[in-house]
Amino acid sequence: MGQQLTPRDLWKAKWRIKSVAEITPLLYSEPLSRQLGANIYLKLESNQPTGAFKLRGAANKILSLSQEELRKGVAAFSTGNHGIAVAYVAKQLGIKATVCLSNRVPQEKVNRLKRLNAEVKIIGSNQDDAEEYCYQLEAEEGQTVIKPFDDLDVIAGQGTIGLEILEQCPDVDQVVIPLSGGGLLSGIAFAVKTVDPAINITGVSMEKAAVMYESLKAGRPVVMQEEETLADSLLGGIGTDNQYTFSMTKQYIDQAVLVSEQSIASGMRAMLEFHKMAVEGAAASGIGWLLDKQPQNDRNIVVIISGNNVDHQTIQRIIKPR
Ligand SMILES: *Cc1c(COP(=O)(O)O)cnc(C)c1O
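Everything in this summary refers to the structure shown in the same document. (Residues numbered from 1 in each chain as written. Predicted model: local features only at pLDDT ≥ 70, side-chain atom pairs only at ≥ 80, totals over all residues. Heavy atoms only, no water.)

Quick word on the site of the ligand
Rules: For this purpose, a residue is taken to be near a molecule or strand whenever a single non-hydrogen atom of the residue falls within 4 Å of it. Counted as a polar contact is a pair of N or O atoms within 3.5 Å, where, for protein atoms, one must be capable of donating a hydrogen and the other of accepting one, and residues adjacent in sequence contribute only when both atoms are in side chains. Per-residue accessibility takes into account occlusion by the displayed protein chains alone, with areas from the Shrake-Rupley method and a 1.4 Å probe. In this classification, Asp, Glu, Lys and Arg are treated as charged, Ala, Val, Leu, Ile, Met, Phe, Trp, Tyr, Cys and Pro as nonpolar, and every other residue, Gly included, as polar.
For the ligand, the set of nearby residues contains 16 residues, the closest of which are Lys54, Asn81, Gly181, Gly182 and Ser306. Between an oxygen atom of the ligand and a main-chain N or O atom of Leu184, the distance comes to 2.9 Å. Here a nitrogen atom of the ligand and a side-chain polar atom of Ser306 are 2.7 Å apart. In isolation the ligand has 390 Å² of accessible area, and contact with the protein removes 98% of it. Considering only residue class, the shell around the ligand consists of six nonpolar, eight polar and two charged.

Points about the side chain of Ser205
Note the cut-off: Here a strand is any run of E in DSSP of at least two residues, a helix any run of H or I of at least four, and the numbering for each starts at the N terminus. Contact definition: two residues touch when any of their heavy atoms are within 4.5 Å.
For Ser205, the location among the structural elements is in strand S8 (residues 200-206). A distance of 3.0 Å separates a polar side-chain atom of Ser205 from the backbone oxygen of Leu179. If we skip the residues at most four places from it in the chain, Ser205 touches Leu179, Ala210, Leu234, Val257, Leu258 and Val259.

Points about the sheet that holds strand S4 (residues 97-101)
For the record, the criterion: Should DSSP find at least two bridges between two strands, the strands are regarded as paired. Only the contacting stretch of a helix is used when fitting its axis, a line to C-alpha atoms as for every element, and angles between N-to-C directions run 0 to 180 degrees.
One open sheet holds the four strands; their spatial order is S5-S4-S3-S6, and the pairing between them is parallel. Whereas interior strands pair on both sides, the edge strands pair on one side only; in this sheet they are strand S5 (119-122) and strand S6 (144-145). Across two bridges, strand S3 (residues 74-77) lies against S6 in parallel orientation. Directly across from Val74, in S6, lies its bridge partner Thr144. The sheet strands contacting helix H5 (residues 81-93) are S3 and S4, and the helix crosses S3 at an angle near 165°.

Written out as structure tokens, the structure reads:
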């Protein structure tokens, strides 16, 4: 693949991943639409077999590796969902996967990786340590590191969500996307802006350690200390040597916004009460933001519900705030 994404890459990704990842439903939310005075559509990536969209990017990347590379296996460093996706695809293909995590990752996610036959290595208290170890594995054992966002095949995989949105809601005015490393936003934005640059792309990050948000403000990738947040899947840096997602996010994003922990919890409660769905904090951040800020009347707003990997304790805590 060249150094830039083309629309063809998205269609190739769609074709490649079709036996691994689901085409997810776009659910019209009657209660949210009524409450907000806009047409709210939920793109349910929580319906992926792994519970999150990261399956798309991981599948597209791994399915583009050579036989020789597949034989040596794959490795990933991840706050959870990307690791689960890599392990899931590896299990489907019968290849080896090693996942390196920080000790901040919830136990539920660790157990799940083990059930997918992945070799799990817990390294240090932040993603950077896990990442370093992962590249050490690549150098010593020849496993291919599957990056969580800063890779064109991964971005193209996430971009297939954008193709589906155009098909399921051709009148879309705005897409609200949880934003961390920017793979999800870059892929979707590339897909929809190629068809109509007027479609608004809104990136939502948590107030605590919003690395991409601060990097966009600074005009270069910045480094920040991770903090406890309900949106744990949005934790992690964007890499000071970021190649693609920083510049793509900068190019395509119309507005970058922040949500408080309370708003994330409100978004999670809205998904539980209105739709009987338990989704994780990262996935509820878009709804949390919309509930805070009354959107413009009658707009067609697609909100990416990015994943559902949340533990019972967290759900209990947001139902009964301390
Ligand atoms: C990874 C992830 C995100 C953010 O995606 P980026 O490509 O890193 O911006 C959002 N929600 C969930 C559930 C995730 O796992």
